[in-house]
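# Structural features, examined
Listed below are the residues making up each chain.
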Amino acid sequence: MLSGPATAREASGVTLLEVEDLRVSFNTPDGVVQAVRGVSYHIEAGQTLGIVGESGSGKSVSTQTIMGLTRGALVSGRAMFEGQDLLTASPDQMRAIRGAKIGMVFQDPLSSLHPYYKVGWQIIEMIKLHDREISKDEAEKRAVELLRLVGIPQPDRRVNDYPHQFSGGMRQRAMIAMAMALNPALLIADEPTTALDVTVQAQVLRVIRRMQEVFGTAVILITHDLGVIADVADDVLVMYGGKVMERADRRTLFFASHHPYTEGLLQSMPAYGGERGRLRPIAGQPPSLLAPPPGCPFAPRCVYVMDRCRQEEPPLDPAGEEPGHLSACWLPHIAADREAIRRRVANVELAKSAGPAGA
Amino acid sequence: MATGQARETSPAPATAAPDGDDMLLRIESLVKYFPIKGTGLFREKEHVHAVDGVSLSVPRGQTFGVVGETGCGKSTLARCIARLHDVTSGRIVFDGQDITKLSQRRMRPLRREIQMIFQDPIGSLNPRRRVGSIIGDPYAIHGLAAGSERKRLVQELMERVGLNPEHYNRFPAEFSGGQRQRIGVARALAFRPKLIICDEPVSALDVSIQAQVINLLADLQADFGLTYIFIAHDLSVVRHVSNSIAVMYLGKVTEIAPADKLFTLPRHPYSGALLSAVPVPNPDLSDQRQQIILAGDVPSPIAPPSGCRFHPRCPKAAPVCVSDEPPLEPRLGDGPEHPAACHLPMAEGENLADFRPSISEDERVVEVEGSLLPDDAGPEATAIADALPARGEGGKP
């Protein structure tokens, strides 16, 4: 019923990365911050997994930890990639994986590129580091090809430019070229377009998508923008308070979501082309991860909250009719039952807002 | 209505009296250049053409949106209106009074009526001062209300914007991002201004918090009859809050239209491309729509292109676009509320992707051969893919 149009890419069915019960915490002067609290997910080869969440939801920390980039953090759990647990891999093993097998693109390309070195040099260095036999000319030729591939005009000349001579969108494309230089099986893009204008964002997203089509790379795309998710993701992971709230394919998430947090997020967005009524924000603030509330982290802001939610933590269980649709919520899994509760809550809200006016 | 048509050399005869004028703000041919250093002995002064001949009118009690990409001049325009920058030429008429050349001293009473809310709620609040005294600043500066009277007024404001008045003595760091933005709103509201210029007020906030602030701004507008100039790069937010929207590109207004009209029937190809690039939070719509991906980047505002500034990237560009600058006027039978600066405006149902520019290659930005941007990159791209190492080959421990 909810099977997408033919444009959806076929997932290969081969699990590329499997994360199990990942927990990350940091010691700070204020106490222990539990940034990620038991996150499990998997991504198949060639698939695009979107991770969406607000500031402090743990979406960036979880992937950075997998790449071994959170020094000083207390980490537990497993992250299996090609039969190897990335969380226990030695620094040497990680160095061979980072870049060569898992590429990364970050939000701010200016701070990811070294300002003193030419863009081309930085790509060449990356290639030579992993391929000691390649000649300098060959490496440079490959750098030029990569820049051409991501749509940098006159790549044979621009390869000798410094990062400040590139525009924001070109820098981000150069970063993608660098991340793809060794043809990794997985690309992790952490808010790759957040700092860019919409027209440039569209260019960069298209580059990522085409890269994926040509190379068959799997992509983990971390973003706070549900519009970007709707554009490019196959499957979506919704994170909140260091936990996964819901996982669903793109269409199920937007049209038949289960978790109230997902519902709240979708309702907070101004509708595109729809009615311009009042927005329905989620009341309150995200929880403090120094002392996360017991039970469901979203309970204090949830309109459907029940007593059980404040005590027992809901497991990430199958929800709804779609296979692979998971939700961590105590609400009934049958859509009709849920709808009845939704209607009841909506009526209560309506009565509440009408109350003072009528008095 | 004279919406954005002040292209004549002599400005229109004396602006209408404040009474009966439904425009709170009129801007006529506003120009703001920033000088930059030239090189050489007889250095010629170069300028960044930040705002280059902008004319528009903002009706009372409405929200006027301004959208455009980084460097299009929207923030400079806002700062010129608030007289934070002196303008190079042109006129700003606020509430029937020409404020373009007012001295700082004579500007002072007007500052109460024009307020700004900034993007970064942390950067615009002094971390060492208590929130109560920050919000009370306007009263202190203008010498109105002191002591317990000031405290009462500030606490009323705090309550009005949804802050707990008991937090009067807290520091900005003790508030979350959304609450800090409410502090900024409270401060702007102190004197019940007529005009509030919101420069990216919700860009730094999370979606759920962003919606809270947008609703607050809407409530305040209804209660106090405020007029907003709302600047943002997020088009769906601007559409949600605005009555009419101006689109800017490289210092020029390219199109002004009622909010819904701009989204359903954009006339300027730049508006069309900009709108098509907005990610839509709806998988069905985003699969259906055809994205127009513009080639290249925005040109330098130091030496902007001739004629229509969008011509190097425009799919419809023709020789006339290179030679003549299109005036901002209603096109294809549109009403005076919907002017566009384009020689070849888009008709209804027209698809930008069907067009190819009819100007020579050195006049436009050309995409690279073999790049992945065009949809049909096929064979060449695969050839390049073959040149790369097979998976895993590069990773030698």
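Owing to the predicted nature of the structure, the values given are computational and were not obtained by experimental measurement.

### Re the overall build of chain B
- Check the secondary structure of chain B and you find 12 helices and 12 strands.
- Partitioning the contacts of chain B with sequence separation of at least 6, the portion at a separation of at least 24 is 65%.

### What to know about the pairing of strand β1 (residues 15-28) of chain A
Residue and element names in this part refer to chain A.
- Two elements, β1 and strand β2 (residues 31-44), share 11 bridges in a ladder whose sense is antiparallel. Bridging across to β2, N27 finds its partner in V32.
- Between β1 and β2, which pair antiparallel in sequence order, lie two residues.
- Bridge count between β1 and strand β4 (residues 74-81): seven bridges; the pairing is antiparallel.

### Section: the confidence of the model for chain A
- Summary statistics for chain A give a mean pLDDT of 86 and a share of 93% for residues scoring 70 or more.
- A low-confidence stretch, residues 1-10 of chain A stays under pLDDT 50, and its non-local contacts, those more than four residues away or across chains, total 11 contacts.

### Some details on the pairing of strand β4 (residues 89-94) of chain B
Residue and element names in this part refer to chain B.
- Bridge count between strand β1 (residues 23-36) and β4: five bridges; the pairing is antiparallel. Bridge pairing links L25 to F94 in β4.
- Adjacent in sequence and paired antiparallel, β4 and strand β5 (residues 97-98) are bridged by two residues, among which D95 carries a positive phi angle near 55°.

### Focus on the packing of helix α8 (residues 198-215) of chain A against helix α9 (residues 269-277) of chain B
- The N-to-C vectors of α8(A) and α9(B) enclose an angle of 55°; their axes lie 8 Å apart at closest approach. With respect to their mutual orientation, α8(A) and α9(B) come out oblique. When the axes of α8(A) and α9(B) are compared, the crossing they make is left-handed. Facing A:V198, A:T199, A:Q201 and A:A202 of α8(A), the residues of α9(B) in contact are B:A273, B:L274 and B:A277.
- A class-by-class count of the residues in the contact of α8(A) with α9(B) yields five nonpolar, two polar and no charged.

### Let's talk about the sheet that holds β1(A)
Residues and elements named next belong to chain A.
- Strand order across the open sheet formed by four strands is β2-β1-β4-β5, with antiparallel pairing between neighbours. Whereas interior strands pair on both sides, the edge strands pair on one side only; in this sheet they are β2 and β5 (84-85).
- Across two bridges, β4 lies against β5 in antiparallel orientation. Residue pairing in the sheet places F81 in a bridge with Q84 of β5.
- Together, β1, β2 and β4 form the strand contacts of helix α1 (residues 59-66), whose direction differs from that of β1 by roughly 110°.

### Side note on the environment of B:K151
Residues and elements named next belong to chain B.
- Topologically, K151 is positioned in helix α4 (residues 147-160).
- Judged by the 17 C-beta atoms lying within 10 Å of it, K151 is partly exposed.
- When the C-alpha positions of K151 and G132 are compared, they lie 7.4 Å apart, and in sequence the two are 19 residues distant.

Definitions and cut-offs
- Residues numbered from 1 in each chain as written.
- Chains lettered and ligands numbered in written order.
- Predicted model: local features only at pLDDT ≥ 70, side-chain atom pairs only at ≥ 80, totals over all residues.
- Helix = DSSP H or I, 4+ residues; strand = E, 2+ residues; numbered from the N terminus.
- Contact = placed C-beta atoms within 7 Å.
- Pairing = 2+ DSSP bridges.
- pLDDT = per-residue confidence, 0-100.
- Axes fitted to C-alpha atoms, helices over the stretch in contact; angles between N-to-C directions.
- Parallel < 35°, antiparallel > 145°, perpendicular 65-115°, else oblique.
- Left-handed = near helix turned anticlockwise from the far one by under 90°.
- Nonpolar A, V, L, I, M, F, W, Y, C, P; charged D, E, K, R; others polar.
- Buried ≥ 20, exposed ≤ 12 C-beta atoms within 10 Å, placed from the backbone.

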